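Read off the chains here:
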Amino acid sequence: MKNFVMVITSVPAKSVDKIINYILKNKLVACVNRVRNVNSFYWWENKICKDKEDLLLIKTKKTLVNKIIEEIKKIHPYKIPEIISFEIYKANKEYLKWIKEITTK
């Protein structure tokens with residue numbers, strides 16, 4: 001199972017489709033879940049900020065994480081986007097097989 005990860009990134013709604021379409025069309029990921037209207041609170045340029053964003057839950061192979069980070073950074077409108085990956089500890093074996101088959105890179 002250590003071969004699979006979930007990558008998360010928070011994105012302004014206006015940029016979501018572009019990011020999702022790119023990573024799916026290039027078969028970098030098998031699946032992306034979009035969680036709409038997440039309230040994000042954070043420090044930026046010495047002040048506390050609040051924004052509405054969408055959260056993307058991206059499932060892929062561990063070997064593709066660096067490429068996904070690189071590609072999202074090219075498209076993402078933020079200077080420092082949140083892009084975090086987590087190893088999948090346990091999962092349905094058929095689901096992992098499906099991820100492996102879809103992500104051909």
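None of these values were measured; they are calculated from a predicted model. (Residues numbered from 1 in each chain as written. Predicted model: local features only at pLDDT ≥ 70, side-chain atom pairs only at ≥ 80, totals over all residues. Heavy atoms only, no water.)

Draft legend 1. Molecular detail of the pattern of salt bridges. For the structure shown, the criterion picks out 8 salt bridges. The salt bridge partner of Lys67 is Glu70, with a shortest N-O separation of 3.8 Å. Separated by 3 residues within a single helix, Lys67 and Glu70 lie in helix H2 (residues 65-75), roughly one turn from each other. When its relative accessible area of 36% is taken as the criterion, Lys67 is described as partly exposed. In the salt-bridge network here, residues are joined through shared partners; they are Lys67, Glu70, Glu71 and Lys74. (Salt bridge = Lys/Arg side-chain N within 4 Å of Asp/Glu carboxyl O. Helix = DSSP H or I, 4+ residues; strand = E, 2+ residues; numbered from the N terminus. Buried < 20%, exposed > 50% of the residue type's maximum accessible area, 1.4 Å probe, protein only.)

Draft legend 2. Local environment of the nonpolar core. In terms of nonpolar packing, the biggest core is built from 18 residues, with Ile19, Ile23, Val29, Val32, Leu56, Ile58 and Ile72 touching the most fellow members. Only strand S1 (4-11), helix H1 (13-25), strand S3 (47-61) and H2 provide two or more residues apiece to this core. If near-sequence neighbours (up to four positions away) are discounted, Ile58 is found in contact with Val5, Met6, Val7, Thr9, Ile23, Val29, Cys31, Val32 and Ile72. Membership of the second largest hydrophobic core comes to 5 residues, among which are Phe4, Ile88, Leu96 and Ile99. (Core = buried A, V, L, I, M, F, W, Y, C linked by side-chain atoms within 4.5 Å. Contact = heavy atoms within 4.5 Å.)

The values are spatial; any link to function lies outside them.
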